[in-house]
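Here's the letter readout for the chains.
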Amino acid sequence: MKLTNLFRIAWRAIFRNKMRSFLTMLGIIIGVAAVISMIAIGQGSKQSIQSQIAGMGSNMITIRPISNVMGGVHVDNASVQSLTEDDILALKKQPEYLKDISPSVSARGQVINGSFNWNTTMQGVYPEFLTIRSWLVQDGSPFTTRDVKSAAKVCLIGQTILTNLFPDGDSPLGKNIRFKNIPFKIIGVLAKKGENTFGQDQDDVILTPVSTVQKRILAITTYQNIFLSAINEESTENASLEVQQIMRKSHNLPVGTDDDFSVRTQAELISTFTATSSILTILLAVIAGISLLVGGIGIMNIMYVSVTERTKEIGLRMSIGASGADILWQFLIEAIVISITGGILGVIFGITTTKLVTYFIHWPTLITTSSVVLSFMVCFVTGVFFGYYPALKASRLDPIEALRYE
Amino acid sequence: MNESIVDIKNLKRQFSIGGEVVHALNNVSFSIQKGEFITIMGSSGSGKTTLLNILGCLDKPSSGEYLLDGINMSDLSKTALAELRNTKLGFVFQSYNLLARTSAIENVELPLLYNNKFSTKERKEKAIQALEAVKLSDRMYHLPSQLSGGQQQRVAIARALVNDPVMILADEATGNLDSRTSYEIMMLIQDLNNEQGKTIVFVTHEPDIANFSKRTITLKDGKIIKDLINPTIQSAREVLKKLPPVIEPVTAST
């Protein structure tokens, strides 16, 4: 039996039942499209989280004070005043894996330029903060260590501040803005960074020397956070351990007590968030996979009905010379052609849906070749698997009985 | 001329139904020569359907010998039997058994699709020839639903002819048709027999159909009770001429 003839026979049979074949296909189309678009959405969000966290500086380490027990009461993190300049000095003393270091102190308040005002955060840092976060200064220049020493009233402003305080498009460089009634001279504008993974506007910030915020605004001597960078991405883990040791020593914590600070790396953040989105991807893929399975069962169901309905046709084909194997192949090929055609349409439909999702609701998506190949393979296997039993049933019919079937 | 197409010797076929053995065919022997036109007659239960199934290689005898064109079919596997049906036999059924929503020509070329020897072009040529032989060359692309009963049966006959079989088996082929159309079909079958020398075995229970054949085998209770050469063969063409003229029923056309 020539394969081309079998294909011709199967194709004619499918074409005779256009509507039913299409409806059977629809299950597969939706299944494949769902698998492809769901995996694309899952992968897209995973990739976007990864790149955004990496964009924050993948070798960045953050130290923050943690809730400690004071007289039996757990105290709010922010009110713990455990990070001091001594820690900075200790960390700066011959570190093995650390490169840059910058403390950070933030204050919220109203910032005013003439008739314009904006509520924002003023973050006091060292000049090294920019390197740690890999932030760039677009116009002007960053402040210097000398500015930190003198608690200079200079600042760098983010893009959001720029658009809200200078809506007319004037150059802000050299201008004074007031924050909590203190005038600050703008010496630079930060490049646009957009929102971070958590939806925070990273451009809604004013950077100023850390001492300025400490002395002139908050009147404190401690730090809220310390940002550090490891010498490279690979040594981040070692750097984080080194930081912990130095900090414990600096805080005189006896062996056996808990840390009164926490050290976090970006790698941890990445793994936490990608784990979440991996679970999401798997979940979406499983749901989509179920719809593909249901599509497969649809094929089996239709093929069974089709075998029963076409019993007489099968009898006729056998009487004019079709062998059991011919009939088996005919029905199997019908099932495979339906599932593969459905698969191809599903791939097209899935990719289109994914593009539309990105275009209209701006979700990040990523179509991977593996997801397309996988769903297509699953689809082929579905066709063979669910088509085999009905086809076997058809091939085992007795031609005499089948011809007499009404 | 004495070329034996069918040789049946001591053929038996029994079924066991509910523990009881039924002898559908009991010690049947006969042979069919090339170019014969035989009717097999008998009331229901006489074994004529069983005989037809065996002649058509759809069923195997319980014992005895059946040689079709020199091939002993008892030794063959199911697949080999299918091949035998495909190359040696043509079937015409009472209910036409055409594939629905499939054009006449595609229905006719169906047996050739199960034979590797024919190319697409040859298939089409042979199908056209067969349709010409049944005088339906103007209805090649009509669907069965667009054809009258008689025309559908002619398509079925063309399908039976397309593979140049050694024998055409017709099972009550006029059973669903009115008498005028029946005679038209009989005329066609007689022409195929007389002009093209096709061997035809026609199973029926209508005695007047038997008058058109050259030989009649009558079965009763699984045995041949009569095997007679028909001395006065009626011509279906003549019978048709004698019928009162009627307005041809308007057949469905595009």
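Residues numbered from 1 in each chain as written. Chains lettered and ligands numbered in written order. Predicted model: local features only at pLDDT ≥ 70, side-chain atom pairs only at ≥ 80, totals over all residues. Heavy atoms only, no water.

A cluster of nonpolar side chains, contributed by Met19, Phe22, Leu23, Leu26 and Ile30 of chain A, occupies part of the molecular surface with about 470 Å² of accessible area. The topology assignment puts leucine 23 of chain A in helix H2 (residues 18–55). (Patch = residues over 30% accessible without salt bridge, like charges linked within 9 Å, V, L, I, M, F, W, Y side chains within 5 Å. Areas by Shrake-Rupley, 256 points an atom, 1.4 Å probe, with all protein chains shown as cover. Salt bridge = Lys/Arg side-chain N within 4 Å of Asp/Glu carboxyl O. Helix = DSSP H or I, 4+ residues; strand = E, 2+ residues; numbered from the N terminus.)

Further remarks concern the packing of helix H9 (residues 266–309) of chain A against helix H11 (residues 324–361) of chain A. Residues and elements named next belong to chain A. Contact geometry of H9 with H11 gives a least axis separation of 11 Å together with a crossing angle of 145°. For the crossing formed where H9 meets H11, the hand is right-handed. The segment H9 lies against H11, with Ile299, Met303, Ser306 and Val307 engaging Phe331, Glu334, Ala335, Ile338 and Ser339. Considered class by class, the residues forming the contact of H9 with H11 number six nonpolar, two polar and one charged. (Axes fitted to C-alpha atoms, helices over the stretch in contact; angles between N-to-C directions. Left-handed = near helix turned anticlockwise from the far one by under 90°. Contact = heavy atoms within 4.5 Å. Nonpolar A, V, L, I, M, F, W, Y, C, P; charged D, E, K, R; others polar.)

Summed over the entire model, instances satisfying the criterion amount to eight aromatic pairs over all chains. Each ring, one from tyrosine 388 of chain A and one from tyrosine 389 of chain A, has its centre 5.6 Å from the other, and the planes form 85°; the classification is edge-to-face. Tyrosine 388 of chain A sits in the partly exposed class, given a relative accessible area of 33%. Relative to phenylalanine 212 of chain B, the ring of tyrosine 183 of chain B lies with its centre 5.8 Å away and its plane at 65°, an arrangement referred to as edge-to-face. Of the two residues, tyrosine 183 of chain B sits in helix H6 (residues 179–196) while phenylalanine 212 of chain B sits in the loop between helix H7 (207–210) and strand E9 (215–220), which places them 29 residues apart along the sequence. When the ring centre of tryptophan 135 of chain A is taken as origin, the NZ or CZ atom of lysine 193 of chain A, which lies over that ring, is 4.3 Å away. (Phe/Tyr/Trp six-rings, centres within 6.5 Å; stacked < 30°, edge-to-face > 60°. Buried < 20%, exposed > 50% of the residue type's maximum accessible area, 1.4 Å probe, protein only. Lys NZ or Arg CZ within 6 Å of the ring centre and 35° of its normal.)

Any empty space left between the atoms is revealed when a probe the size of a water molecule rolls over them. Using the criterion set out here, one finds four cavities of 30 Å³ or more in the structure. Each pocket or cavity is described by its volume, and for the largest cavity that value is around 80 Å³. The wall of the largest cavity is formed by Ala13, Ile14, Asn17, Arg20, Ser21, Thr24, Ile302, Met303, Ser306, Arg310, Glu334 and Ile338 of chain A. Of all the secondary structure elements, the ones that give two or more residues to the lining of the largest cavity are helix H1 (3–16), H2, H9 and H11 of chain A. In terms of lining, the second largest cavity is formed by Ile9, Arg12, Ala13, Arg16 and Arg317 of chain A together with Leu99, Thr102, Glu106, Leu110 and Leu113 of chain B. Elements represented by at least two residues in the lining of the second largest cavity include exactly H1 of chain A together with helix H3 (104–113) of chain B. When residues of the lining of the second largest cavity are assigned to their parent elements, the largest contribution, four residues, is made by H1 of chain A. Grouping the amino acids of the lining of the second largest cavity by side-chain chemistry returns five nonpolar, one polar and four charged. (1 Å grid on protein atoms, 1.4 Å probe; cavity = no way out; pocket = protein on both sides within 12 Å on 5 of 7 lines; lining within 4 Å. Points joined across faces, edges and corners; volume = space filled by probe spheres on them.)

Below, the discussion takes up the pattern of salt bridges. Summed over the entire model, instances satisfying the criterion amount to 19 salt bridges over all chains. Residue glutamate 309 of chain A is joined to arginine 20 of chain A by a salt bridge in which the shortest nitrogen-to-oxygen separation is 3.4 Å. Taken together, the residues glutamate 309 of chain A in helix H9 and arginine 20 of chain A in helix H2 connect sequence positions 289 residues apart. For the salt bridge of glutamate 36 of chain B with arginine 215 of chain B, the shortest nitrogen-to-oxygen distance reads 3.0 Å. Remark: arginine 215 of chain B occurs in strand E9 and glutamate 36 of chain B occurs in the loop between strand E2 (20–33) and strand E3 (37–41); sequence separation between them is 179 residues. When its relative accessible area of 8% is taken as the criterion, arginine 215 of chain B is described as buried. Beyond isolated ion pairs, a larger network of salt bridges with shared partners links Arg16, Arg310, Glu313, Arg317 and Glu334 of chain A.

Moving on: the confidence of the model for chain A. Low-pLDDT stretches of the model should not have their predicted coordinates read in fine detail. Overall, the prediction assigns chain A a mean pLDDT of 87, with 94% of residues at 70 or greater. Looking across chain A, the model is least confident in strand E2 (residues 69–70) of chain A, with a mean pLDDT of 58, and most confident in strand E7 (residues 154–157) of chain A, with 94. (pLDDT = per-residue confidence, 0-100.)

Domain assignment breaks chain A into domain 1 (3–52 + 272–404) and domain 2 (81–259). When each unit is reduced to the centre of its C-alpha atoms, the spacing between domain 1 of chain A and domain 2 of chain A is 56 Å. (Domains from an automatic or database assignment.)

Turning next to the side chain of arginine 317 of chain A. Tracing the sequence through the fold places arginine 317 of chain A in helix H10 (residues 311–319). Since its relative accessible area comes to 2%, arginine 317 of chain A is described here as buried. Side-chain polar atoms of arginine 317 of chain A contact the side chain of tyrosine 114 of chain B, separated by 2.9 Å. Sequence-distant contacts of arginine 317 of chain A, that is, excluding residues within four places in its chain, are made with Ile9, Arg16, Ala322, Ile327 and Gln330 of chain A together with Leu99, Leu110 and Tyr114 of chain B. (Polar contact = N/O pair within 3.5 Å; in protein donor to acceptor, adjacent residues only side chain to side chain.)

Residues and elements named next belong to chain A. At a closest axis distance of 9 Å, the pairing of H9 and helix H12 (residues 369–395) adopts a crossing angle of 25°. One element, H9, and the other, H12, form an angle in the roughly parallel class. Where H9 crosses over H12, the handedness of that crossing is right-handed. Residues Leu292, Leu293, Gly296, Ile297, Met300, Met303, Tyr304, Val307 and Thr308 of H9 lie in contact with H12, whose contacting residues are Ser375, Val378, Thr382, Phe386, Tyr389, Pro390, Lys393 and Ala394. Tallied by class, the residues present in the contact of H9 with H12 amount to twelve nonpolar, four polar and one charged. (Parallel < 35°, antiparallel > 145°, perpendicular 65-115°, else oblique.)

Let us now look at the sheet that holds E2 of chain B. Residue and element names in this part refer to chain B. Judged by pairing direction, the sheet is antiparallel, and its four strands sit side by side in the order E2-E1-E4-E5 without closing on themselves. Two strands lie at the open edges of the sheet, namely E2 and strand E5 (71–72), each paired on one side alone. Alignment of strand E1 (residues 4–17) against E2, held across ten bridges, turns out to be antiparallel. Bridge pairing in E2 links glutamine 14 to histidine 23. Seen against the sheet, helix H1 (residues 48–55) touches E1, E2 and strand E4 (63–68) and runs at an angle of roughly 125° to E1. (Pairing = 2+ DSSP bridges.)

Tallying the contact residues gives 28 residues for chain B and 24 residues for chain A. In total, chain B and chain A occlude about 2,300 Å² of area from one another, counting both sides; carbon and sulfur atoms represent 55% of this. In terms of surface lost to chain A, no three residues of chain B exceed Leu113, Tyr114 and Asn116 of chain B, which account for 29% of the buried area on that side. Where chain B meets chain A, there are two salt bridges. Glutamate 109 of chain B is the salt-bridge partner of arginine 12 of chain A, the closest N and O atoms lying 2.9 Å from each other. Our count for the chain B to chain A interface comes out at twelve residue pairs in polar contact (both at pLDDT 80 or more). Secondary structure elements with two or more residues in the side of chain B that touches chain A: helix H2 (78–88), H3 and helix H4 (120–133) of chain B. Tallied by class, residues from the side of chain B that touches chain A come to twelve nonpolar, nine polar and seven charged. (Buried area = accessible area lost by both parts, 1.4 Å probe.)

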